[in-house]
Amino acid sequence: MAGKRHRGWRTFLTNKYLKDKENFFVEYDPEYPVKYAIFITEEEWVAFVAQRRDENFKKVSATNRERASNPTYAYKKGRLGYARLEEKILDETKSDATSLPPHVLWKEARVGKDGTVRDDVQHIYDECETLSQSISTAEDQENRSVLSRALNVPEYPGRVRGKGHGCTPTSLYKNPRRRNPSNQEVMETLQALQAQVLQLQKDNERYRCMEKCSSQLKETSEKASINCQNKFPEGISSCQLYLSSPTYRLVGKGKVHNTSGDLLHHRPLPDGHLKVSVDVVLDKDALLPIPDIVSETTLLRDAIGSFVAWPLDLIFIDDETPTKPASKDKGILRHNESVASQKEVFAQGSQQLSQKIGSRQKNKRDLPVTYLPKKGAFVPRYQISLETLVDSSDMATAGAIRLLDMEEDIFGYSCTETIGKEDLEHIFRHQELGVGVIHTYIRFLYDNFMRGNDQLSNRFRFVSSSLVNKALICREPDSCREYLVKRFMASSTNNLYLWPYNSGCHWLLLAIDPLKEVVYFLNSIDGEWTNYPDMKQLVDTSIKVFRSQRQARVPRTKSSNITWIKVQCPLQRNGIDCGYFVMRFMREIINMNQIEIPITYFDEYKCAHYTRLQLEQIKEELCQYFIEKRLISI
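Predicted model, so just to flag it, every value in this text is computed and none were measured.

What counts and what doesn't
Throughout this description, residue numbers start from 1 for each chain and increase along the sequence as written. Note on the predicted model: pLDDT of at least 70 is required for a residue's local features to be given, and 80 or more for side-chain atom pairs to be given and counted; whole-chain, interface and lining totals, by contrast, use all residues. Processing note: side-chain calculations cover all non-hydrogen atoms of the structure and skip hydrogens and water entirely. Paired strands are those between which DSSP finds at least two bridges. Segments assigned H or I by DSSP are reported as helices when at least four residues long, segments assigned E as strands when at least two residues long, and all are numbered from the N terminus. All axes here are fitted lines through C-alpha atoms, helices being fitted over the stretch that makes contact, and every angle between N-to-C directions spans 0 to 180 degrees. Between the rings of Phe, Tyr and Trp (Trp by its six-membered ring), a pair exists once the centres lie within 6.5 Å; its type follows the angle of the planes, with under 30 degrees stacked, over 60 edge-to-face, and the other angles tilted. Only protein chains enter the accessibility calculation, which uses a 1.4 Å probe; a residue is then buried when its area is under 20% of its type maximum, exposed when over 50%, and partly exposed in between. Put simply, a charge is over a ring when the Lys NZ or the Arg CZ is close to the ring centre, within 6 Å, and near the line of the ring normal, within 35 degrees. Only buried residues count toward a nonpolar core. Its members are Ala, Val, Leu, Ile, Met, Phe, Trp, Tyr and Cys residues joined through side-chain atoms within 4.5 Å. We call two residues in contact whenever any of their non-hydrogen atoms come within 4.5 Å of each other. Any angle that falls under 35 degrees is termed roughly parallel, while one over 145 is termed roughly antiparallel, one within 65 to 115 roughly perpendicular, and all others oblique. Ten residues, namely Ala, Val, Leu, Ile, Met, Phe, Trp, Tyr, Cys and Pro, are considered nonpolar, four, namely Asp, Glu, Lys and Arg, are considered charged, and the remaining ones, Gly among them, are considered polar. Note on terminology: disulfide denotes any pair of cysteine sulfur atoms within 2.5 Å. Expected helix span is given by 1.5 Å per residue-to-residue step, counting one fewer step than there are residues. Comment: arc refers to directions from the helix axis out to C-beta atoms. Salt bridges are defined by distance alone: a side-chain nitrogen of Lys or Arg within 4 Å of a carboxyl oxygen of Asp or Glu.

Quick question: what am I supposed to make of the sheet that holds strand β5 (residues 273-281) here?
The strands making up a sheet associate through hydrogen bonds between their backbones, and the pairing can be parallel or antiparallel. One open sheet holds the five strands; their spatial order is β8-β5-β2-β1-β9, and the pairing between them is antiparallel. One side of each edge strand has no neighbouring strand; the edge strands of this open sheet are β8 (307-311) and β9 (315-317). Taken over all neighbouring pairs, the strand axes of this sheet differ in orientation by 50° on average, direction set aside. Where strand β1 (residues 235-243) and β9 come together, three bridges link them in antiparallel fashion. Within β9, the residue paired with Q240 across the bridge is F316.

In this structure, what is going on with the packing of aromatic side chains? I would like to understand it.
Ring pairs (aromatic) are described by centroid distance and by the angle formed between their planes. Taken as a whole, this structure holds 23 aromatic pairs when the rule is applied. Taking the centre distance of 6.4 Å and the plane angle of 90° together, the rings of F12 and Y36 count as edge-to-face. Of this pair, F12 sits in helix α1 (residues 2-18) while Y36 is found in the loop between α1 and α2 (42-53), placing the two residues 24 residues apart along the sequence. With a relative accessible area of 35%, F12 lands in the partly exposed category. Ring geometry for F521 versus W529: centroids 6.0 Å apart, planes at 85°, classification edge-to-face. When sorted by exposure, F521 lands in the same class as W529, which is buried. What links up through ring pairs into an aromatic cluster is the set W499, Y501, F521, W529, Y532 and W564. A cation over a ring is seen here: K16 above Y17, with NZ or CZ 5.7 Å from the ring centre.

Which parts of the structure should I look at to understand the nonpolar core?
One recurring pattern in soluble globular proteins: nonpolar side chains tend to sit buried together. If you look at the biggest cluster of nonpolar residues, it comprises 91 residues, and the most contacted ones within it are F462, V468, W499, L510, L522, I597 and Y601. Residues contacting F462, with those up to four places away along its chain left out, are I410, F411, I442, L445, M450, Y483, R487, L498, M586 and I590. The next biggest cluster of nonpolar side chains, apart from the first, holds 27 residues, and it includes L250, L274, V280 and A303.

I would appreciate a short explanation of the packing of helix α19 (residues 578-592) against helix α20 (residues 612-628) in the present structure.
Helices that pack against each other are described as a pair by the angle of their axes relative to one another and the distance between those axes. Between α19 and α20, the least distance of the axes is 10 Å, while the angle of their chain directions is 80°. On the basis of the axis angle, α19 is roughly perpendicular to α20. In contact with Y580, F581, M583, R584 and R587 of α19, α20 contributes Q614, L615, Q617, I618, K619, E621 and L622. Looking at the contact of α19 with α20 residue by residue, the classes come out as six nonpolar, two polar and four charged.

Looking at this structure, I do not really get the state of the cysteines. What am I missing?
With the rule as written, the count across this model stands at zero disulfides. With no disulfide of its own, C607 lies closest to C569 among cysteine sulfurs, the gap being 9.6 Å.

It is not clear to me how α1 should be interpreted in this structure. Could you clarify?
Within an α-helix, residues lying three or four positions from one another point in the same direction, as the helix has 3.6 residues per turn. Spanning 17 residues, α1 covers 23 Å between terminal C-alpha atoms, matching the ideal 24 Å at 1.5 Å per step. Taken residue by residue, α1 has L13, T14, Y17 and L18 as its buried positions. All buried residues of α1 fall inside an arc of 105° around its axis, so they share one side. Taken together, the buried residues of α1 touch α2.

Is there a simple way to explain unusual backbone geometry in this structure?
Even without being a glycine, E517 presents a positive backbone phi close to 60°. Given the relative accessible area of 7%, E517 is considered buried. Here the phi dihedral of N593 falls at roughly 55°; this positive angle occurs in a residue that is not glycine. Tracing the sequence through the fold places N593 in the loop between α19 and α20.

I keep staring at the pattern of salt bridges and nothing clicks. Help me out?
All chains considered together, the criterion is met by 25 salt bridges. A salt bridge links R443 to E407; the nearest nitrogen and oxygen atoms lie 3.9 Å apart. Separated by 36 residues along the polypeptide, R443 in helix α14 (residues 435-450) and E407 in the loop between β10 (401-406) and α12 (408-411) bring together distant segments of the chain. Residue class for E407 comes out partly exposed when judged on its relative accessible area of 27%. Between E588 and R584 there is a salt bridge, with the nearest N and O atoms lying 2.9 Å from each other. Highlighted residues: E588 and R584, both in helix α19, separated by four residues, approximately one helical turn. The exposure class of E588 is buried, given its relative accessible area of 3%. Counted as one network, the salt bridges with shared partners bring together E387, K421, E425 and R429.

Next up, the structure:
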């Protein structure tokens, strides 16, 4: 209605100021209507005059005026309008309907005062009645109405013929008409179909592989034993994992377990295979040589932190140089291999993985400190010193490890963390971090901030990433839930549990207050917790079980509501810094000594992104801790 009034006002201005008494446009420049200055400026008036004098506008205006002056089917109801006419007819007929068909209303609008109906109008009405019996409602809505078909005229968008001003297809039919998809929508549909085809091809290949491998498994008695392979040293050794199909390439790293009588998931190993624990995945789409039928694991990335069977000829100890078999396939050369992040490694509780570090030297030796004397620049002295120590010690040998005892107060159980040469290389080269480095930094925070400080040690606690990770949540959800509930039950007051969570390819931090049933979500890539449904379900279930065991009373309206808060923390700008961000998040939370984390993060540390210097400070603390603990000795 406002648009109609505005068009009438523009027509009034044209007739009063731009045309003479004979309805012709004047040649001179019309005077600016000062009395309407509140509605139109001088600039707008000049543009309006130019638009009305334009020849194209005059041509269109004349055509419309001629068509409106002699309509084929003249409207006979004057100022009554379609809406009030429809209301009048419904009142007179006392009908329960809320509206009339467009062709019925169209016919009634063309009946004169004498009540007679023109033959051509009646003909159109009869044809509409015939068409309405053969055309479905859906076809009527999605294409053209019966009135438009009978009149044989196009249906213009934005209005419905025979229903009057203001009625649109959307308002009449309560759902929009179909439209042709855009190019972007077509491309998105095509990409989705291509992804489905690719997934079907992968599934087909996996099923064929599982069928082939399952036929190779042989039933043996419980007394059967697997002979140790002479090619590999007895015990546990760091190794590299290769695949030969479709190309010969390095796909991951882990540890080979060459032990007599060893079983895999309570079953004997297939001939020609050894048990391997997967630590690092270099090819995220690599398939397992023998899929795990029990857990339905077929991809190597889903086996991080667990044991799999691997062919002997595709396992190489770290200090070996693998020889590529004769083949036309072009694999990845060792000196060109990419390094991916070390992922979750399942800790064996308090079981000792190997002999502890030898006796420490009584006399403290001077550390070889090297630095670059560049004025005003940050010098990573502890990193340089630790790297020099590693190169001068047995840690320079591939497969060498160090053990770090983790006290029961840290994760709720005593365990030993394994640190390998690869973990240190990730720190020196600023590459993605594994669980060993994250846990070592947690031990640093405990020793330097919380030990001897009852306030901090009673307020902050940690959750082990080795006992609760993506692989274990999918494979052993009950054990993960039991560990979390037991961890929560250890607190008698409000505690904030810091849990570095690895989704398989990314580190993020959860800060859980089980008593208040609040979970703070800190993600350095600005993702949502809904992207990790298994993790969220585990946390929610654990908090509910904890609530039940402590016999807490919660209103029914809030019994299923656990508060999740997405903290606007600093964001990373690459794909490798997530582990460093998580370590700094934990340090800042403990340093602020606050149970509640502001949604916009702490003002003292608020920033869009951490600088490289801020991350280097975390690495310096780690390297200094390695040196002070005398984990690396010459």
